[in-house]
Amino acid sequence: MESQHRPRTTLAAALGLALAVTSLPTGMLASEDEPIGCDRGWYSVTRTEGIAPEGVVADGADAWIAGGSLVGGGRRRAAVLHIDGEGSRLEQPPPPDTRDSGFMGVTATADGERLWAVGFGRETDSVVAYAARRGPDGWDVSETIRPEEANAALTDVAASREHGTWAAGFLQGPPGDQRPWVLQRRGGDWIASEPPLAEAERGTLAGVSASDAGGVWAAGTALADATMRPYLAQRTDGGFTRHGVTGLDDAALADIDVPAADRGWAVGHRLVGDTIEPLLLSWDGVAWTIAEAPAVTTGPTLLT
């Protein structure tokens, strides 16, 4: 896969981690003319399929937009819109055994032969994690992941040749119990781990990065003492290691990309007075620091 861009939704962060598992975001329905980027500028792909887009991965003329399509009654079903040189087709992998489902992220495997899309399946009072894989002959794997005594959702997925495929999200137990959650695809199964939290802290993950040179990173938001802080964790031999950002409170992260050991970026937003400003963090191989974000004059703004 040559290029990848994944619009992210800051699931719990924008609400101060007051996430209700029965109200995951539905996004906005894209118009019939979906703008697609290419070397010569932007052009529109005329289509009739409706999808609430949450993530996209592209390779040349092919692009896959993951999200959910409305099926009536306020419900949606996890779907992927495949766009190529001939038009667009809505693909619907076998859904989880729940009334509602949606994808939140999509990526290509390092060999370019498969896609992974991840998200959630939802009942009235519960949420389960959901993952599906597309091979050369179509969607060949559809899996529901149900941790014991906890709701779960996956928000992003990434892959590299050296580190394999990783998905990130969160677990939610009783009120006040929200935990970062990471899954690694290994040996045909998803191997789960929980990146660390401090005592009396809770958190969720919104983005994951996997690259041969940069390693595996996860980003999201932690909440302690009624204060939001960016959550950044790096995969090491002993598990995940937290990284802080000096002097940064009332802030949340929506996505992360670390393509090299000494270069990386994370984006989100921060609360400043009575407004919301974009947040951009930079990694230099030693520490994460606040970088200059685009100037905003139009009102509350988030980077996703």
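Higher on the page you've got the structure.
Residues numbered from 1 in each chain as written. Predicted model: local features only at pLDDT ≥ 70, side-chain atom pairs only at ≥ 80, totals over all residues. Heavy atoms only, no water.

### A look at the overall build of the protein
- When helices and strands are counted, the protein shows zero helices and 23 strands.
- Classification of the 304 residues of the protein by burial places 50% in the buried group.
- Within the protein, contacts between residues separated by at least 24 positions form 47% of all contacts whose residues are at least 6 apart in sequence.
- Counting every atom, the protein has about 13900 Å² of accessible surface; 47% of that belongs to carbon and sulfur. (Helix = DSSP H or I, 4+ residues; strand = E, 2+ residues; numbered from the N terminus. Buried < 20%, exposed > 50% of the residue type's maximum accessible area, 1.4 Å probe, protein only. Contact = heavy atoms within 4.5 Å. Areas by Shrake-Rupley, 256 points an atom, 1.4 Å probe, with all protein chains shown as cover.)

### Here we look at the sheet that holds strand 22 (residues 275-283)
- As summarised here, the arrangement of the four strands in space is 20-21-22-23, forming an open sheet in which the pairing is antiparallel. Each end of this open sheet is capped by a strand with a single partner; those strands are strand 20 (251-260) and strand 23 (288-291). Within the sheet, the average angular offset between the axes of one strand and its neighbour, ignoring direction, is 25°.
- As defined by bridge partners, strand 20 adjoins strand 21 (residues 263-272) across seven bridges and the pair is classed as antiparallel. Among the inter-strand pairings, Leu253 is bridged to a residue of strand 21, identified as Gly268. (Pairing = 2+ DSSP bridges. Axes fitted to C-alpha atoms, helices over the stretch in contact; angles between N-to-C directions.)

### Focus on the packing of aromatic side chains
- Per the counting criterion, the structure on display carries seven aromatic pairs.
- Ring centres of Trp166 and Phe240 lie 6.2 Å apart, and the angle between their planes is 85°; on these two criteria the pair is classed as edge-to-face. Highlighted residues: Trp166 in strand 13 (residues 164-172) and Phe240 in strand 19 (residues 239-243), separated in sequence by 74 residues.
- Judged by relative accessible area, Trp166 falls into the buried class, the value being 4%. (Phe/Tyr/Trp six-rings, centres within 6.5 Å; stacked < 30°, edge-to-face > 60°.)

### Topic: the pairing of strand 20
- Of all ten residues that make up strand 20, eight are buried, and the element is covered over most of its length.
- Linkage of strand 20 to strand 21, two consecutive antiparallel strands, is achieved through a turn of two residues.

### Overview of the pattern of salt bridges
- This structure, assessed with the given rule, holds nine salt bridges.
- In this structure, Asp140 engages Arg133 in a salt bridge whose closest nitrogen and oxygen atoms are separated by 3.2 Å.
- What makes Asp140 partly exposed here is its relative accessible area of 42%.
- Note that Glu194 and Arg179 form a salt bridge whose closest N and O atoms lie 3.3 Å from each other. Residue Glu194 is located in the loop between strand 15 (189-193) and strand 16 (202-211), and its partner Arg179 is located in strand 14 (residues 178-186); the two are separated by 15 residues in the primary sequence.
- Accessibility expressed as a relative area gives 44% for Glu194, which makes it partly exposed.
- In the salt-bridge network here, residues are joined through shared partners; they are Asp177, Arg179 and Glu194. (Salt bridge = Lys/Arg side-chain N within 4 Å of Asp/Glu carboxyl O.)

### A closer look at the environment of Pro230
- Mapped onto the elements of the fold, Pro230 is located in strand 18 (residues 227-236).
- Along the backbone, Pro230 and Gly220 are ten residues apart, and their C-alpha atoms lie at a distance of 6.1 Å.

### Quick look at the side chain of Thr227
- Within the secondary structure, Thr227 is located in strand 18.
- The exposure class assigned to Thr227 is buried, which follows from its relative accessible area of 17%.
- What Thr227 contacts, discounting residues up to four positions off in sequence, is Ala222, Asp249 and Asp250.

### Considerations on the side chain of Thr155
- Considering the arrangement of structural elements, one finds Thr155 in strand 12 (residues 151-160).
- Here the side chain of Thr155 touches Leu205 through a polar contact of 2.8 Å, landing on its backbone oxygen. (Polar contact = N/O pair within 3.5 Å; in protein donor to acceptor, adjacent residues only side chain to side chain.)

### Things to note about the pairing of strand 13
- Most of strand 13 sits inside the fold, with eight of its nine residues counted as buried.
- Both strand 12 and strand 13 contribute to a ladder of nine bridges, which runs antiparallel. Its bridge partner lying in strand 13, Asn151 is registered against Gln172.
- As consecutive antiparallel partners, strand 12 and strand 13 are separated by three residues.
- When strand 13 meets strand 14, the two strands line up antiparallel, connected through seven bridges. Within strand 14, the position partnered with Leu171 by the bridge is Arg179.

Such coordinate-based values are descriptive only and should not be taken to indicate function.
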